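Structural overview
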Amino acid sequence: MTPTPSGDTRTALTSRAGIIVNYRTGATVLLTGDALSRWLTAVQNSPAPPPVTIAESAPSWGTDENTARLDHLPTPPWAWRISATACLLITLAVRHAGSPASKFGRMARLAETGHRLPRARTAHARAAVLSIRWAARAIPARVACLEESTAASLLLAVGRRGGAWRHGIAADPIRLHAWICDAQEQPVEEPERTKRYTPINVPNPTGTRT
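Now for a look at the structure at hand. As the structure is a prediction and not an experimental result, all values here were calculated from the model.

1. Looking at the nonpolar core
- Leu88, Ile132, Trp165, Ile180 and Ile200 are the most contacted members of the largest nonpolar core, which totals 36 residues.
- When residues no more than four places from it in sequence are discounted, the contact partners of isoleucine 132 are Ala84, Cys87, Leu88, Glu148, Ala151, Ala152 and Leu155.
- Grouped together as the second largest cluster of nonpolar side chains are 8 residues, Leu36, Trp39, Val43 and Ala48 included.

This is how it looks when you write it as structure tokens:
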């Protein structure tokens, strides 16, 4: 079922299709042909942000290389360890507290808690991401990109820094990813392939938040 354009919906366009993500419910819909044309017309007459064009990249066939062992993580200072553990536990609690169908919406709202705060410097953002990864190894729970980036964004907000959370889409195949960026919009502690993703949760994906 095609959703209704609203301030919660984001539209991403590839050369062949449109992907609509609802940041309140987490619903994701793929549209093509006439259905996509009708959606784009409706977006023009709604409060929904304008569509974001997804950057084309070389075919990946949906594969990536990963190391077969965990990378070494430096032990953060005590203050970072305590704060990171608390932020990760809060993130996991929010993930489980409520309907599974609205999990993404809850996580997105938590990740953007500090979006109006000053942007984090690279060193600060890097310390947040690494501290969350350190804490995640001690907690017997699933911590993937959404949980990790949400907890890192929350940790930055605790330190009065924000606007770092990014959620984006890449094509070939269509896939989604969440990460933390610095004040220069560069992914922090992410592999090179993260640059294949175009962020869709900001009004101006290539610039600063307005």
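Back to the write-up after that little detour.
2. Brief notes about the side chain of serine 153
- Secondary-structure assignment places serine 153 in helix α5 (residues 145–158).
- Judged by relative accessible area, which is 4%, serine 153 ranks as buried.
- Ignoring sequence-local partners within four residues, the contact set of serine 153 consists of Ala111, Trp165 and Ile180.

3. Looking at a nonpolar patch on the surface
- On the surface, Leu30, Ile174 and Leu176 cluster together to form a nonpolar patch covering roughly 260 Å² of accessible area.
- You can see isoleucine 174 is positioned in the loop between β5 (165–170) and β6 (175–180).

4. Structural notes on the sheet that holds strand β7 (residues 198–199)
- Strand order in this open sheet of 3 strands is β6-β5-β7, and the pairing throughout is antiparallel. Each end of this open sheet is capped by a strand with a single partner; those strands are β6 and β7.
- Inspection of the sheet shows β5 paired to β6 by 6 bridges, in the antiparallel sense. Looking at β6, one finds that tryptophan 165 is bridged to isoleucine 180.
- Together, β5 and β6 form the strand contacts of α5, whose direction differs from that of β6 by roughly 25°.

5. Looking at α5
- For α5, built from 14 residues, the straight-helix expectation of 20 Å at 1.5 Å per residue is met to within 8% by its first-to-last C-alpha distance of 20 Å.
- The element α5 is largely enclosed, with a buried count of 12 among its 14 residues.
- Burial in α5 covers these residues: Leu146, Glu147, Glu148, Ser149, Thr150, Ala151, Ala152, Ser153, Leu154, Leu155, Leu156 and Ala157.
- The inward-facing, buried residues of α5 abut α2 (78–96), α3 (103–111), α4 (122–136), β5 and β6.
- Just downstream of α5 lies arginine 160, where phi reads positive at about 65°.

6. Regarding the packing of α2 against α3
- Relative orientation of the contacting elements α2 and α3 amounts to 150°, with a least axis distance of 8 Å. Here α2 lies roughly antiparallel to α3, going by the angle between them. Relative to α3, α2 is oriented so that their crossing is right-handed. When α2 is examined against α3, the residues Thr91, Val94, Arg95 and His96 are found in contact with a partner set consisting of Lys103, Arg106, Met107 and Leu110.
- Within the contact of α2 with α3, the residues separate by chemical class into 3 nonpolar, 2 polar and 3 charged.

7. Points about the pattern of salt bridges
- In the structure shown here, the tally under the stated rule is 9 salt bridges.
- In this structure, the salt-bridge partner of arginine 119 is glutamate 185, at a minimum N-O distance of 3.2 Å. Residue arginine 119 is found in the loop between α3 and α4, and its partner glutamate 185 is found in the loop between β6 and β7; the two are separated by 66 residues along the sequence.
- By relative accessible area, which is 18% here, glutamate 185 ends up buried.

8. Points about the environment of tryptophan 39
- Within the secondary structure, tryptophan 39 sits in helix α1 (residues 33–44).
- Each C-alpha atom, one on tryptophan 39 and one on threonine 4, is 8.4 Å from the other, the two residues being 35 residues apart in sequence.
- Within polar-contact distance, the side chain of tryptophan 39 engages the side chain of threonine 11 at 2.9 Å.

9. Remarks on unusual backbone geometry
- Here arginine 160, not a glycine, exhibits a phi torsion of approximately 65°, which is positive.
- Locating arginine 160 in the fold gives a position in the loop between α5 and β5.
- Of the residues examined, arginine 160 reaches a relative accessible area of 54% and is grouped as exposed.
- Of note in this structure, glutamate 185 is not a glycine but carries a positive phi near 65°.

How each quantity is defined
Residues numbered from 1 in each chain as written. Predicted model: local features only at pLDDT ≥ 70, side-chain atom pairs only at ≥ 80, totals over all residues. Heavy atoms only, no water. Core = buried A, V, L, I, M, F, W, Y, C linked by side-chain atoms within 4.5 Å. Buried < 20%, exposed > 50% of the residue type's maximum accessible area, 1.4 Å probe, protein only. Contact = heavy atoms within 4.5 Å. Helix = DSSP H or I, 4+ residues; strand = E, 2+ residues; numbered from the N terminus. Patch = residues over 30% accessible without salt bridge, like charges linked within 9 Å, V, L, I, M, F, W, Y side chains within 5 Å. Areas by Shrake-Rupley, 256 points an atom, 1.4 Å probe, with all protein chains shown as cover. Salt bridge = Lys/Arg side-chain N within 4 Å of Asp/Glu carboxyl O. Pairing = 2+ DSSP bridges. Axes fitted to C-alpha atoms, helices over the stretch in contact; angles between N-to-C directions. Expected span 1.5 Å × (residues − 1). Parallel < 35°, antiparallel > 145°, perpendicular 65-115°, else oblique. Left-handed = near helix turned anticlockwise from the far one by under 90°. Nonpolar A, V, L, I, M, F, W, Y, C, P; charged D, E, K, R; others polar. Polar contact = N/O pair within 3.5 Å; in protein donor to acceptor, adjacent residues only side chain to side chain.

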